[in-house]
Amino acid sequence: MTYFIAFICVLGIAAGQILFKLSATSLQKSGNFFDPTTLLTLFSAFALYGITTIAWVWVLQKIELGKVYPLMALAFVLVPIGSHLFFGERFQPQYFLGVAIIITGIVFAVKA
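Quick look at the structure, then. (Residues numbered from 1 in each chain as written. Predicted model: local features only at pLDDT ≥ 70, side-chain atom pairs only at ≥ 80, totals over all residues. Heavy atoms only, no water.)

1. Looking at the overall build of the protein chain
Okay, so step 1: Along its length, the protein chain carries five helices and zero strands.
Okay, so step 2: Overall, the protein chain shows an N-to-C arrangement of helices and strands of α-α-α-α-α.
Okay, so step 3: Seen along its three principal axes, the alpha-carbon backbone of the protein chain occupies a region of about 50 × 35 × 15 Å.
Okay, so step 4: The buried share of the protein chain, taken over its 112 residues, is 29%.
Okay, so step 5: Within the protein chain, residue pairs in contact and separated by at least 24 positions form 69% of the contacts whose partners lie at least 6 positions apart. (Helix = DSSP H or I, 4+ residues; strand = E, 2+ residues; numbered from the N terminus. Buried < 20%, exposed > 50% of the residue type's maximum accessible area, 1.4 Å probe, protein only. Contact = heavy atoms within 4.5 Å.)

Okay, here's the thing in structure tokens:
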């Protein structure tokens with residue numbers, strides 16, 4: 001259960017990054033930091049990061065940092081997937097080799 005919550009934290013961090021990018025895009029379009037869409041998206045990202053941080057502290061009460069922290073590397077996989085889905089960003093083939101290396105590293109680190 002604790003590793004599941006840790007994974008939810010990683011998803012929250014990744015989603016927060018997508019929200020930060022959405023707020024940056026909104027700011028660029030509106031040219032006004034106080035645009036309601038920009039503020040709503042930005043504060044949603046802040047709220048998600050806050051909730052995720054509280055959950056992460058709970059996880060750290062249950063699991064050693066060195067054992068659970070490698071899961072955070074999943075954000076390096078999830079954020080680009082989100083950027084492709086939400087923003088249409090494209091990746092070179094070597095990116096997928098990098099993703100495979102990251103996932104392999106996570107598996108080795110968590111099982112150690």
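2. What to know about the nonpolar core
Okay, so step 1: Judged by nonpolar contacts, the single largest core of 13 residues is most densely connected at Ala6, Val10, Trp56, Val59, Val68 and Leu71.
Okay, so step 2: Secondary structure elements with two or more residues in this core: α1 (2-30) and α2 (36-62).
Okay, so step 3: Of all the elements, α1 adds the most residues to this core, at four residues. (Core = buried A, V, L, I, M, F, W, Y, C linked by side-chain atoms within 4.5 Å.)

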